[in-house]
Amino acid sequence: MSKINRKIAIFTAFLTLVVVSGLLIKMPVNTNTPAPESQVAGIYIQFKDGISEPEVKDILQNIIGMTLNYSMEYDTNTTDERYYIIVDKDNWDIRRDIRKGMKEEKKEWITTSPAHVIREGDNYVFTVSEQAVQDKKFLAILDKYDTRVKKFTWCEIHFENPNGSRYVIQEKDAIRIKNELNQNENIYTVYFSYIFPPYDPTT
């Protein structure tokens, strides 16, 4: 055997060994199952005082459109956040008087937690307790500052099939709808009704 043929044979044997070794080595397998995306069954929308049902339907139609089937319950009042007052930057003394009154009366007339106070330009929206709406001392403070209690209009949106059966959408689609709703000047807040495991329509 010539030197050239011997070199070719050695090189071929080396390549064969590399290929066989590669086949014998097991590649690592990713056994982690990606977490399923959260799904949304409905949306709760907190509208400003005085918005009518036709106006709500018009807003929803323009944003959600005909791509999704849904039903709407108007003015449901399913939360404790039913009433509110608006305080502007030039009327900030009212908050001081309210806080003083709450301390003296040992009552919770308004919610002052930053998480529950809505900022709207130079105005602040404070949630008012239902008890405060009937409290003469609280109402007297509002009269002093020419401020009136307003009422949130809560509406529930349920995603449904035409036959009324339950329907859900992906969280990313719900976020898109929420972002569009939040651009409307008649809306204060938007919340989701979550279904964390993927919904199985066969169960």
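The paragraphs below set out a description of the structure included in this document. Fair warning: this is a prediction, and the values are worked out from it, not measured in the lab.

Analysis parameters
- Residues numbered from 1 in each chain as written.
- Predicted model: local features only at pLDDT ≥ 70, side-chain atom pairs only at ≥ 80, totals over all residues.
- Heavy atoms only, no water.
- Salt bridge = Lys/Arg side-chain N within 4 Å of Asp/Glu carboxyl O.
- Helix = DSSP H or I, 4+ residues; strand = E, 2+ residues; numbered from the N terminus.
- Buried < 20%, exposed > 50% of the residue type's maximum accessible area, 1.4 Å probe, protein only.
- Phe/Tyr/Trp six-rings, centres within 6.5 Å; stacked < 30°, edge-to-face > 60°.
- Lys NZ or Arg CZ within 6 Å of the ring centre and 35° of its normal.
- Core = buried A, V, L, I, M, F, W, Y, C linked by side-chain atoms within 4.5 Å.
- Contact = heavy atoms within 4.5 Å.

Notes on the pattern of salt bridges
Thinking step 1. For the structure on display, the rule yields twelve salt bridges.
Thinking step 2. The residue glutamate 105 makes a salt bridge to lysine 137 at a minimum N-O spacing of 2.6 Å. Of the two residues, glutamate 105 sits in helix H3 (residues 93–105) while lysine 137 sits in helix H5 (residues 136–144), which places them 32 residues apart along the sequence.
Thinking step 3. Given a relative accessible area of 24%, glutamate 105 falls into the partly exposed group.
Thinking step 4. Accessibility expressed as a relative area gives 48% for lysine 137, which makes it partly exposed.
Thinking step 5. With a closest N to O distance of 3.0 Å, glutamate 180 and arginine 176 form a salt bridge. Taken together, the residues span about one helical turn, with glutamate 180 and arginine 176 both in helix H6 (residues 171–181) at a distance of four residues.

Description of the packing of aromatic side chains
Thinking step 1. As enumerated under the stated definition, the model contains eight aromatic pairs in all.
Thinking step 2. Put simply, the rings of Tyr84, Phe152 and Tyr188 pair up and form one aromatic cluster.
Thinking step 3. Over the face of the ring belonging to phenylalanine 192 we find lysine 178, whose NZ or CZ atom lies 5.4 Å from the ring centre.

Looking at the nonpolar core
Thinking step 1. If you look at the biggest cluster of nonpolar residues, it comprises 22 residues, and the most contacted ones within it are Ile43, Ile45, Phe47, Leu60, Ile177 and Leu181.
Thinking step 2. Secondary-structure elements contributing two or more residues to this core are strand S1 (39–47), helix H2 (53–64), strand S7 (153–159), H6 and strand S9 (187–195).
Thinking step 3. In terms of residues, this core owes the most to one element, H2, which gives five residues.
Thinking step 4. Not counting the four nearest positions on each side in its chain, isoleucine 177 is found in contact with Ile43, Ile63, Ile64, Leu68, Phe159 and Ile169.
Thinking step 5. By size, the runner-up hydrophobic cluster in this structure holds 17 residues, among which are Ile85, Met102, Phe126 and Val128.

None of this, on its own, says anything about what the molecule does.
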